[in-house]
Amino acid sequence: MDDPLIIAGREFRSRLITGTGGAANLSVLERALVASGTELTTVAMRRVDSAGQTGVLELLRRLGIEVLPNTAGCRTSAEAVLTAQLAREALETNWVKLEVVHDEETLLPDPVELLDAAERLVNDGFVVLPYTNDDPVLALKLQDIGCATVMPLGSPIGTGLGIRNPHNIELITSRASVPVVLDAGIGTASDAALAMELGCSAVLLATAVTRAQDPERMGAAMRCAVEGGRLARLAGRIPQRFWAQASSPKV
Amino acid sequence: MKAQVNGTARDLADGTSVAAVVSLVGAPASGVAVALDGAVVPRALWDKTIVPDGGVVEVLTAVQGG
């Protein structure tokens, strides 16, 4: 069944976007990425001398995976805009996963700074994929200023708490005209499947795979979960009933 | 003259270019970008752009993250 994910006119066969953070080493990361089937994967921008040469770019190029730079670590719109511009220069892509977080304890997006940065980057010609709160109003505003997706969190980054407010995610998907990507909070395969059943177009995750006991196997699990959830969404689930309804004919 | 390079104070010869700072920090050949005083310096201008006294240079590359 041909059912590509389309972001800003570009088609992807996989609906799983992954991060590269948290993997024990590049070999573990490589096996997990291949098992996940991802075609689009995030990287962060850091100072050369503190980061050293990580080899992550070479790995992604070798695997034929598109690079999606993020603005992780930025607290203000100005920082995020500069980081995105540096990423565009370094990686020769105008795509950016926009993150502007408020504080280290929650890593929750700062909605005021986020919206400002999104608007400035859209005006500067970027394809902006913003990491946002599960706020249906903010999601609409991000869409309306020209973001290519909206990427609401299920729960805070790295918590693995899953989707804490499924109704908000459903409100966002029901009104969005751009792809909705569930970003952050995924703990295990059922969370990813639920995101797709709620109408998300894709799932973005990192920790759930890279810090799993067996990252390669969890990568495969997430691939299946996203595919399963998408199929279920398209198939149309049965309505829930209070009383039982026999599925076999009467004796 | 003095400049801040990736957060560290450095003594640089007068007329040091951005390109020279990039090699000073041991940046890889590709996947690198530079900001001078908060603005991106395109790679094509690295040779011509001279770091001013008190200049703040950031040399960034992609790492695992997100």
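Remember, it's a predicted structure, so these values are computed and weren't measured experimentally. (Residues numbered from 1 in each chain as written. Chains lettered and ligands numbered in written order. Predicted model: local features only at pLDDT ≥ 70, side-chain atom pairs only at ≥ 80, totals over all residues.)

In terms of burial, strand 4 (residues 40-47) of chain A is a largely internal element, seven of the eight residues being buried. Examined bridge by bridge, strand 3 (residues 16-18) of chain A and strand 4 of chain A share two bridges and lie parallel to one another. Across the sheet, the residue bridging to A:T18 is A:T41, located in strand 4 of chain A. The pairing of strand 4 of chain A with strand 5 (residues 66-69) of chain A spans four bridges and is classified as parallel. Paired with A:L40 across the bridge in strand 5 of chain A is A:E66. The sheet contact formed by strand 4 of chain A and strand 5 (residues 56-64) of chain B spans five bridges and is antiparallel. Its bridge partner being in strand 5 of chain B, A:R46 is matched across the sheet by B:T61. (Buried ≥ 20, exposed ≤ 12 C-beta atoms within 10 Å, placed from the backbone. Helix = DSSP H or I, 4+ residues; strand = E, 2+ residues; numbered from the N terminus. Pairing = 2+ DSSP bridges.)

All right, on to helix 1 (residues 26-36) of chain A then. Residue and element names in this part refer to chain A. Every buried residue of helix 1 is listed here: L29, A32, L33 and S36. Down the axis of helix 1, the buried set is contained in an arc of 100 degrees. They therefore lie on one face. Along its buried surface, helix 1 packs onto strand 3, strand 4, helix 3 (56-63), helix 9 (207-210) and helix 10 (215-235). In the stretch just after helix 1, G37 is the one whose phi turns positive, near 75 degrees. (Arc of directions from axis to C-beta. Contact = placed C-beta atoms within 7 Å.)

Bringing the interface of chain A and chain B into the picture now. The interface is formed by 28 residues belonging to chain A together with 23 residues belonging to chain B. Elements represented by at least two residues in the side of chain A that touches chain B include exactly strand 4, helix 2 (48-51), helix 3 and helix 4 (77-91) of chain A. Residues that form the side of chain A that touches chain B fall into these classes: 15 nonpolar, eight polar and five charged. (Nonpolar A, V, L, I, M, F, W, Y, C, P; charged D, E, K, R; others polar.)

A few words on the nonpolar core. Note that soluble globular proteins tend to have their nonpolar side chains buried in a common cluster. All names here are of chain A. In this structure, L98, A192, A195, C200, V203 and M222 are the most contacted members of the largest nonpolar core, which totals 96 residues. In terms of residue count, helix 4 provides more of this core than any other element does, eight residues in total. Beyond its immediate chain neighbours, meaning those up to four positions away, M222 contacts L16, S36, A189, A192, L205, A208 and V209. (Core = buried A, V, L, I, M, F, W, Y, C linked by C-beta atoms within 7 Å.)

Note on helix geometry: an α-helix contains 3.6 residues per turn, so any two residues three or four positions apart are oriented the same way. Every buried residue of helix 3 of chain A is accounted for by A:V56, A:L57 and A:L60. Summarising the axial view, the buried residues of helix 3 of chain A lie within an arc of 100 degrees, below the 170-degree limit, and thus occupy one face.

Before going further, it helps to examine the UniProt feature "active site" (unreviewed entry) in chain A. On the UniProt side, "active site" (unreviewed entry) is annotated at positions that read A:K97 here. For A:K97, the location among the structural elements is in strand 6 (residues 95-98). A residue is classified by how many C-beta atoms lie within 10 Å of it, and A:K97, with 27 of them, is buried. Ignoring any residue separated from it by four or fewer positions in sequence, one finds A:K97 in contact with A:T42, A:L68, A:N70, A:L129, A:Y131 and B:G66. (UniProt positions renumbered as here; feature names shortened; annotations may be inferred.)

Here we take up the UniProt feature "binding site: 1-deoxy-D-xylulose 5-phosphate" (unreviewed entry) in chain A. Residue and element names in this part refer to chain A. Here, the residues flagged by UniProt with the feature "binding site: 1-deoxy-D-xylulose 5-phosphate" (unreviewed entry) are G158, A184, G185, A206 and T207. Spanning 50 residues, the named residues form one tight spatial group whose C-alpha atoms are at most 9.4 Å apart. Note that G185 resides in the loop between strand 9 (181-183) and helix 8 (189-197). Structurally, T207 can be placed in helix 9. When near neighbours in sequence (up to four residues on either side) are disregarded, T207 contacts G22, G158 and G160.

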